[in-house]
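Single-letter residue listing:
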Amino acid sequence: MSKKILISGLMIILIVIISAFSKPAIVEPYGEKFVVVLDAGHGGHDPGNRGNGYKEKDIALKVVLAVGAALEKDQRFKVVYTRSTDEFIELHERGKIANKAKADLFVSVHCNSHRSQAYGTETFVLGLHANDENFNVAKNENSVILLEENYEANYEGFDPNSPESIIGLTLMQEEYLDQSLVLASFVQNNFTRKLKRKSRGVKQAGFVVLHQTYMPSVLIELGFLTNNKEGKYLNSKKGQNEMAKSIISSIIGYKESLDAEYYMPEKETPKISDTDSIAASATGEVYEGITFKVQIEAGSNDVVLVAKNFRGLDKLSKVRFGELYKYYFGSTSSYTHIKQLREVAVQKGYDSCFIVAFRNNELIPLTEALKVNTSSN
């Protein structure tokens, strides 16, 4: 075997290895399909929580299959299931399925439980739990690893009962936090606005299944099976169909917002570093009743809104979503203006920043905002 062939072979192996751990590229809306991995929690000999005699594993699977069936009818999407039957899939295998599929999104569906009659929906992204309640939710979901063979080897000594073990989980998902929060916000807003469910907010906690994935990922708690009224609702076909439709709408809204952000035909955007000059030059494309902002950061820390904390940017604002904060640059009804402000944020080093839209102070999909009739300045 020649050295040239040997070197070529090594290069191919290296490329394969790098590809396996690289961030999935944003797909072209008219090219490759948008890959969504749907994860029904628990399964097989792991029933999940059994509040009021219901089985979390069955409800999660029925909702996931309903979400998947609808998305599969949309040619823009490719759906991958971590399980589509009543089988036990180890947590680390769920992440591997998503990574192998080079997924653009990972959505895990569960049901909650509590000693009281607590109720309401909540959506989690990976992060440090801010309180004991969040830790207990994560601990309950993570404890499934104790049912796995060789779990100590699979999770490198991770202890689901140890708060300290959670800290090591958060680093891998950090670069996907912003987009995970966008989807989580869509999910909670839809549950509240369309279904009138009580929202317990968007939260962070250390879920092993989210740690295993290399893409924007959320874990949805549909509600509490231990609550008499909510458990009955979630165990019903009506409840499962309604929750599924709300999740479908959230995923589609998230995907369309990405498309609007990256693929809408745009006029040439000038490279301007002075925000006052931008304000003077912004014309046209005014969307009545809509406020556009550039999301630049997100996290659990409450940061003071001064320019020195945000690489010299001013015109800052923040919104608290549950226990998390999102930080924004700019505020305008002009889509032309906000695109220019995004360029400013990129020049300041916020490479992954993106445009978001609000109506009546509520986050909505960008494409929904852009359907509003426009008027000229």
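Here is a short report on the structure shown in this document. (Residues numbered from 1 in each chain as written. Predicted model: local features only at pLDDT ≥ 70, side-chain atom pairs only at ≥ 80, totals over all residues. Heavy atoms only, no water.)

## Topic: the sheet that holds strand S12 (residues 362-364)
Thought 1: Reading across the sheet, the five strands line up as S9-S10-S8-S11-S12 and stay open at both edges, with antiparallel pairing between neighbours. Of all strands in the sheet, those bounded by a partner on one side alone are strand S9 (316-321) and S12. Strand-to-strand twist of the sheet, defined as the mean angle between neighbouring strand axes without regard to direction, takes the value 45°.
Thought 2: Bridging between strand S8 (residues 290-299) and strand S11 (residues 354-359) involves six bridges; their strand directions are antiparallel. Counted as the bridge partner of Gln295 is Phe354 from S11. (Pairing = 2+ DSSP bridges. Helix = DSSP H or I, 4+ residues; strand = E, 2+ residues; numbered from the N terminus. Axes fitted to C-alpha atoms, helices over the stretch in contact; angles between N-to-C directions.)

## Some points on the pattern of salt bridges
A side chain with one charge can pair with a side chain of the opposite charge if their charged atoms come near.
Thought 1: By the definition in use, this model includes 14 salt bridges.
Thought 2: A salt bridge links Glu122 to Lys203; the nearest nitrogen and oxygen atoms lie 2.7 Å apart. Residue Glu122 is found in strand S4 (residues 121-126), and its partner Lys203 is found in strand S5 (residues 199-205); the two are separated by 81 residues along the sequence.
Thought 3: Between Glu368 and Arg359 there is a salt bridge; the shortest N-O distance is 3.0 Å. (Salt bridge = Lys/Arg side-chain N within 4 Å of Asp/Glu carboxyl O.)

## So, the pairing of strand S1 (residues 34-40)
Thought 1: Extensive coverage of S1 is indicated by the burial of seven of its seven residues.
Thought 2: Where burial is concerned, the two faces of S1 agree: the one with Phe34, Val36, Leu38 and Ala40 and the one with Val35, Val37 and Asp39 are both buried.
Thought 3: With respect to chirality, the unit in which S1 leads through helix H2 (residues 56-72) into the neighbouring parallel strand S2 (residues 77-81) is right-handed.
Thought 4: Where S1 lies against strand S3 (residues 105-112), five bridges are found, and the strand directions are parallel. Pairing of Val36 across the sheet is with Leu105, part of S3. (Buried < 20%, exposed > 50% of the residue type's maximum accessible area, 1.4 Å probe, protein only. Right-handed = clockwise from strand over helix to strand, strands pointing away.)

## Topic: H2
Thought 1: In a regular helix each residue adds 1.5 Å, so 17 residues correspond to 24 Å; H2 covers 24 Å between its end C-alpha atoms and thus fits that length.
Thought 2: Regarding H2, the residues found buried are Glu56, Lys57, Ile59, Ala60, Leu61, Val63, Val64, Val67, Gly68 and Leu71. (Expected span 1.5 Å × (residues − 1).)

## Some remarks on the packing of aromatic side chains
Aromatic rings considered in pairs are described by the distance between their centres and by the relative angle of their planes.
Thought 1: This model, assessed by the stated rule, comprises eight aromatic pairs.
Thought 2: Centre to centre, the rings of Phe34 and Phe77 are 5.9 Å apart; their planes meet at 85°, and the pair counts as edge-to-face. Taken together, the residues span a long stretch of sequence, with Phe34 in strand S1 and Phe77 in strand S2 at a distance of 43 residues. With respect to class, Phe34 is no different from Phe77; both count as buried.
Thought 3: An aromatic cluster is defined as three or more aromatic residues linked by ring pairs; in this entry it consists of Phe34, Phe77 and Tyr254. (Phe/Tyr/Trp six-rings, centres within 6.5 Å; stacked < 30°, edge-to-face > 60°.)

## Thoughts on the nonpolar core
Grouped burial of nonpolar side chains is what soluble globular proteins tend to show.
Thought 1: With 50 residues, the main nonpolar core has Val67, Val107, Leu222 and Ile251 as its most contacted residues.
Thought 2: Here this core gets nine residues from one element, more than from any other, and that element is helix H7 (residues 177-195).
Thought 3: Among all residues touching Ile251, those that are not within four sequence positions of it are Val36, Leu38, Val67, Leu71, Phe77, Leu105, Val107 and Leu183.
Thought 4: Grouped together as the second largest cluster of nonpolar side chains are 25 residues, Val294, Leu316, Cys353 and Leu370 included. (Core = buried A, V, L, I, M, F, W, Y, C linked by side-chain atoms within 4.5 Å. Contact = heavy atoms within 4.5 Å.)

Taken by themselves, the reported measurements are silent on function.
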